[in-house]
Amino acid sequence: MKPSQPQPRWWWHAVIILGLLLVNLILYRGTFDLGFLSVDDADYVLNNPYIDSFSAANLKHIFTVPHSANYAPAHILSYSADVALTGGKSAFAMHLSNVLWHGWVVCMVYLLAFTIRAEITSATAAALLFLLPPAHVEVVAWISSRKDLVATGFAVLAMTCYLLSRRHERRRAWWYAASLLSFLLASAGKQSVILLPAVMLVWDILVEKRRNW
């Protein structure tokens, strides 16, 4: 990003983000009445006593014991938050939560795209290309597939913070720490995110031609 390049006003970003969230809500409003699905929802939500409250015993179990052969505490804790906010295991509330999580991921994609190339038009196009094609709708429509949303949102945020750490000398340590924290949260959403550092390395070498570290 060139220093002389004029920066868009903050309210432009606010308008675009609100627009993206509205489109996301319109697209996935039909998922609110799907109820619980027979595949995995019973195991992750309905018959999972560890999301009933944020008690010390429940938190200890979530952070120390894999669930269904997967260690994903951030994913499980997102259900605990839903239960705490709604007072029960409501399918409608959890579907709404999935839609909100997906909206957050779309906003993170917009933020990453704008960080890579500081142009509102290209950033908006990138976010819409992520949002509109119906390539992976089950991550929103299927409550138990929320792990993909949790992991993707924090993974994209980790990449954004990593790029910002390279551009800001004074706050490099803070941005790098934020990148590491986001990466840990993403990994706690879904274990496949552990490949993210390799993606960053490829970006450094092939895209930015970074050699002397």
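Everything quoted here is computed from the prediction, not taken from an experiment. (Residues numbered from 1 in each chain as written. Predicted model: local features only at pLDDT ≥ 70, side-chain atom pairs only at ≥ 80, totals over all residues. Heavy atoms only, no water.)

(A) Just the overall build of the chain, in detail. The helix and strand tally for the chain stands at ten helices and zero strands. Along the chain, from the amino end to the carboxyl end, the secondary structure elements read α-α-α-α-α-α-α-α-α-α. Scaling as 2.2 N^0.38, a compact globule of 213 residues should have a C-alpha radius of gyration of about 17 Å, and the chain matches this with 19 Å. Principal axes of the C-alpha set define a box for the chain whose edges measure 55 × 35 × 25 Å. By the burial criterion, 41% of the 213 residues in the chain qualify as buried. Residue pairs at least 24 apart in sequence account for 71% of intrachain contacts in the chain once pairs closer than 6 positions are excluded. (Helix = DSSP H or I, 4+ residues; strand = E, 2+ residues; numbered from the N terminus. Rg over C-alpha atoms; globule rule 2.2 N^0.38 Å. Buried < 20%, exposed > 50% of the residue type's maximum accessible area, 1.4 Å probe, protein only. Contact = heavy atoms within 4.5 Å.)

(B) Up close: the packing of aromatic side chains. The tally for this structure, following the rule as stated, stands at five aromatic pairs. Summarising the aromatic geometry, the rings of tryptophan 101 and phenylalanine 154 are spaced 6.5 Å apart at their centres and angled 65° between planes, so their arrangement reads as edge-to-face. Note that tryptophan 101 is positioned in helix H5 (residues 91-116) and phenylalanine 154 in helix H8 (residues 146-167), a separation of 53 residues in sequence. Of the two residues examined, tryptophan 101 and phenylalanine 154, each falls in the buried class. Here a set of aromatic residues connected by ring pairs shows up, and it is made of Trp101, Trp104 and Phe154. (Phe/Tyr/Trp six-rings, centres within 6.5 Å; stacked < 30°, edge-to-face > 60°.)

(C) Looking closely at the pattern of salt bridges. What the rule picks out here adds up to eight salt bridges. Residue arginine 117 is joined to glutamate 119 by a salt bridge in which the shortest nitrogen-to-oxygen separation is 3.4 Å. For the salt bridge of glutamate 208 with arginine 166, the shortest nitrogen-to-oxygen distance reads 2.1 Å. Of this pair, glutamate 208 sits in the segment after helix H10 (196-207) while arginine 166 sits in helix H8, and the two are 42 residues apart along the sequence. What emerges from the salt-bridge pattern is a single network uniting Arg166, Asp204, Glu208 and Arg210. (Salt bridge = Lys/Arg side-chain N within 4 Å of Asp/Glu carboxyl O.)

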